[in-house]
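Overview (structure and organization)
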Amino acid sequence: MKKESRLKKVSLLFLSVSFSGCLRAQSAVNLGSDVTYTVLAGSTVTNTGPTVIFGNLGVSPGTAVTGFPPGAVTGGGALHEADGSAGQAQTDLTTAYFSAERQPATATVSGDLGGRTLTSGVYKSTSSLGITGTLTLSGPGFFIFQIGSTLTTASGSQVGSHWGRTRGKHLLAGR
């Protein structure tokens, strides 16, 4: 994201990066909804700069989305504030969250994930996580991040993939 963007007190955040190919996971997590979201929050999405979201941004049951503009939702995406689509995605995400929560952690992470390359697995943090720079997700499968509180991304940060044109799903779940 271009400027520091904080997602505070977000009960659930869903980040989906689509490619093409097959999925592998420790245990598959059914993500449900046929509408994909790059960002899906339960109460609030706050942006503080010229962030570009490629895909849908939604919040439900809350309605608070601030910082758009200067942030933008592009790539065929739309802003969904407590509408039926965001509500259904939130219901599906809650089901997926409980499925992901039951999965045992393959690694514990803390602090800032920028500059790291991670392979598919279940990553657990007991507190907040940050991304400064690029977090690279490498290989096929699911990447599940069980986050204890907030996810903070700094100016210019990115989540990228090394696996070319494959399909990966990334679920970040916080309490």
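As shown above, the structure is provided for reference.
Calculation rules
Residues numbered from 1 in each chain as written. Predicted model: local features only at pLDDT ≥ 70, side-chain atom pairs only at ≥ 80, totals over all residues. Heavy atoms only, no water. Core = buried A, V, L, I, M, F, W, Y, C linked by side-chain atoms within 4.5 Å. Buried < 20%, exposed > 50% of the residue type's maximum accessible area, 1.4 Å probe, protein only. Helix = DSSP H or I, 4+ residues; strand = E, 2+ residues; numbered from the N terminus. Phe/Tyr/Trp six-rings, centres within 6.5 Å; stacked < 30°, edge-to-face > 60°. Pairing = 2+ DSSP bridges. Axes fitted to C-alpha atoms, helices over the stretch in contact; angles between N-to-C directions. Contact = heavy atoms within 4.5 Å.

**Considering the nonpolar core**
Listed in full, the 12 residues of the largest apolar core are Val109, Leu113, Leu118, Tyr123, Leu129, Ile131, Leu135, Leu137, Phe143, Phe145, Ile147 and Leu151. It is strand β14 (residues 134–147) that contributes the most residues to this core, 5 residues altogether. If you look at the next biggest cluster of nonpolar residues, it comprises 8 residues, including Val39, Val45, Val59 and Phe68.

**A closer look at the packing of aromatic side chains**
Counted under the stated rule, the structure contains 2 aromatic pairs. Ring plane angle 80 degrees and centroid distance 5.4 Å describe the contact between Tyr97 and Phe98, whose orientation is recorded as edge-to-face. Classification of Tyr97 as buried rests on a relative accessible area of 11%. Among the residues examined, Phe98 registers a relative accessible area of 42% and is labelled partly exposed.

**A word on the sheet that holds strand β9 (residues 79–81)**
Judged by pairing direction, the sheet is parallel, and its 3 strands sit side by side in the order β3-β6-β9 without closing on themselves. In the strand order of this sheet, the two ends are held by β3 (39–41) and β9, each with one partner. Each adjacent strand pair in this sheet contributes to an overall mean axis angle of 5 degrees, direction not counted. Both β3 and strand β6 (residues 57–59) contribute to a ladder of 3 bridges, which runs parallel. Among the inter-strand pairings, Ala41 is bridged to a residue of β6, identified as Val59. Those strands touched by helix α1 (residues 84–101) are β3, β6 and β9, and its axis lies near 80 degrees from that of β3.

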